[in-house]
Amino acid sequence: MNTRFFNVSGWVLLLGIVALWLRYGYTDWQLVLLPVAFLCFSIGNGKIKKMKWLSLSQITLLIVSFIIAVAIGFGLIQLANYLINDVFHLQGAFKTISVWAAVIISLFFAVTPFSSIINKVDDNLKKKYSDSFKYDSKYDGLKMEANKMLNSMTKMQTIKVLRERYGLSLVDAKNIVDSVKQ
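Residues numbered from 1 in each chain as written. Predicted model: local features only at pLDDT ≥ 70, side-chain atom pairs only at ≥ 80, totals over all residues. Heavy atoms only, no water.

Section: the pattern of salt bridges
Inspection of every chain in the model, using the stated rule, returns three salt bridges. Between Asp178 and Lys155 there is a salt bridge; the shortest N-O distance is 2.8 Å. Taken together, the positions of Asp178 in helix H8 (residues 170–181) and Lys155 in helix H7 (residues 155–166) put the pair 23 residues apart, joining distant regions of the chain. In this structure, Asp178 and Lys174 form a salt bridge, with 2.6 Å as the shortest nitrogen-oxygen distance. Taken together, the residues Asp178 and Lys174, both in helix H8 and four residues apart, mark about one turn of the helix. (Salt bridge = Lys/Arg side-chain N within 4 Å of Asp/Glu carboxyl O. Helix = DSSP H or I, 4+ residues; strand = E, 2+ residues; numbered from the N terminus.)

Comments concerning the packing of helix H6 (residues 140–152) against H7
Contact pair H6 / H7: the axes reach a minimum separation of 9 Å and the direction vectors enclose 140°. Judged by the angle between their axes, H6 and H7 are oblique. Here the hand of the crossing between H6 and H7 comes out right-handed. Contact residues: H6 offers Leu142, Glu145, Ala146, Met149 and Leu150, while H7 offers Lys155, Thr158, Val161, Leu162, Arg165 and Tyr166. Per-class residue counts for the contact of H6 with H7 are seven nonpolar, one polar and three charged. (Axes fitted to C-alpha atoms, helices over the stretch in contact; angles between N-to-C directions. Parallel < 35°, antiparallel > 145°, perpendicular 65-115°, else oblique. Left-handed = near helix turned anticlockwise from the far one by under 90°. Contact = heavy atoms within 4.5 Å. Nonpolar A, V, L, I, M, F, W, Y, C, P; charged D, E, K, R; others polar.)

A short note on the nonpolar core
In a soluble, globular protein the nonpolar side chains are often hidden away together inside. Core analysis: the largest hydrophobic core is formed by twelve residues, namely Tyr139, Leu142, Ala146, Met149, Ile159, Val161, Leu162, Leu168, Ala173, Ile176, Val177 and Val180. Elements supplying a minimum of two residues to this core: H6, H7 and H8. No other element matches the four residues that H8 contributes to this core. Not counting chain neighbours up to four residues away, the residues in contact with Ala146 comprise Thr158, Leu162, Ile176 and Val180. Membership of the second largest hydrophobic core comes to nine residues, among which are Leu62, Phe114, Ile117 and Ile118. (Core = buried A, V, L, I, M, F, W, Y, C linked by side-chain atoms within 4.5 Å. Buried < 20%, exposed > 50% of the residue type's maximum accessible area, 1.4 Å probe, protein only.)

Shape is all these values report; function is a separate question.
Pasting the structure below:
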């Protein structure tokens, strides 16, 4: 899938959460959407490079961490609700501000462990498939140039020009052009 699709999906989810929160107030199911939006951004930004490379244990780890993130957020919001309503008996504008702050802080503490798990899985994938990632940092400048060339040339012409200009092998030039086309 296209990385732009995942980035747009993440923004749509985040803006939807904010719009629904402003219109209807906080609901518990919005807590599920935040880690989903984070996962969309992670895929879109290349944190998880290839979903097909995930092992069963990594998929299980991501699912369990997602469930734990939702449970942490839900538990912290319930704790804040108890403190605001039953212990401190807050009312009016101060209660509204406290509820907003509690939800934002709870969501932060819910997403942080989930993001660390995603980063751990990404690091493991990079170690395991280091050859597949070598083109990401080494040829970034060439990718931008190849992208510009593809606007006016065919794929084969672009590969040929990259090979001649920079002394690349056919495989390296093809991998650069293929990574730009994705």
